[in-house]
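Commentary on secondary and tertiary structure
So the chains spell out like this:
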Amino acid sequence: MTSYPHWQQVPTRWKDNDVYGHVNNVVHYALMDTVINTYLIERGGLDIHDGGVIGLCVESHCNYHASVAFPEVLSIGLRVAHLGRSSVRYEIGIFREDRGEPVAEGHFVHVFVDRETRRPVPVEGKLRESLEALA
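Residues numbered from 1 in each chain as written. Predicted model: local features only at pLDDT ≥ 70, side-chain atom pairs only at ≥ 80, totals over all residues. Heavy atoms only, no water.

With that out of the way, let us pick up the pattern of salt bridges. On inspection of all chains with the given rule, the structure shows 4 salt bridges. Between arginine 13 and aspartate 16 there is a salt bridge whose closest N-O contact spans 2.7 Å. Relative accessible area serves as the criterion here: at 42%, arginine 13 is assigned to the partly exposed category. Across the salt bridge formed by glutamate 72 and arginine 96, the nearest N and O atoms sit 3.0 Å from each other. Taken together, the residues span a long stretch of sequence, with glutamate 72 in the loop between strand 2 (53–64) and strand 3 (73–83) and arginine 96 in strand 4 (residues 87–96) at a distance of 24 residues. (Salt bridge = Lys/Arg side-chain N within 4 Å of Asp/Glu carboxyl O. Buried < 20%, exposed > 50% of the residue type's maximum accessible area, 1.4 Å probe, protein only. Helix = DSSP H or I, 4+ residues; strand = E, 2+ residues; numbered from the N terminus.)

Once that is clear, we can look at the sheet that holds strand 2. With respect to topology, 5 strands assemble into an open sheet ordered 1-3-4-5-2, the strand pairing being antiparallel. Here the strands that pair on one side only, and so sit at the sheet edges, are strand 1 (6–11) and strand 2. Direction aside, the axes of adjacent strands within the sheet are offset by 25° on average. Taken together, the 11 bridges between strand 2 and strand 5 (residues 102–114) define a ladder with antiparallel strand orientation. Opposite valine 53, over in strand 5, you have aspartate 114 as the bridge partner. (Pairing = 2+ DSSP bridges. Axes fitted to C-alpha atoms, helices over the stretch in contact; angles between N-to-C directions.)

Time to look at the packing of aromatic side chains. The final tally for this structure, using the stated rule, is 5 aromatic pairs. Judged by centre distance (5.6 Å) and plane angle (80°), the rings of tyrosine 4 and tryptophan 7 are edge-to-face. For tryptophan 7, a relative accessible area of 21% puts it in the partly exposed group. Ring pairing ties together the aromatic residues Tyr4, Trp7 and Phe95, which thus form one cluster. Over the aromatic face of tyrosine 4 sits the side chain of arginine 79, whose NZ or CZ is 4.4 Å from the ring centroid. The aromatic ring of tryptophan 7 is capped on one face by arginine 99, whose charged end is 3.9 Å from the ring centroid. (Phe/Tyr/Trp six-rings, centres within 6.5 Å; stacked < 30°, edge-to-face > 60°. Lys NZ or Arg CZ within 6 Å of the ring centre and 35° of its normal.)

Pasting the structure below:
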């Protein structure tokens, strides 16, 4: 298993299953987004309601390796593969609770921008420190 400096456990929900009886692919993207933003809010000080800086997703990707279904608890690993001046590329591993082989692996790119102008801004301070801790 590849190492991830941050882990979060997320239970699947009844509504996550699709008509084929497994967690639908769009849920995997929502899980990645949830773990990233939970980390940014709790550790990076990102104020999603009133802060001057917000992160916009400009790219996302997911490879699926195995099916999961409700009720399962997933362990989601997070790391930073690249931290630029105003952007970050996260890598995410989605595992069953035992953290054996990944059921899915993906990446997600944020560009941090000014809330009003939507122009890129440097990643600084507590936000940068929290992302460096994931590198």
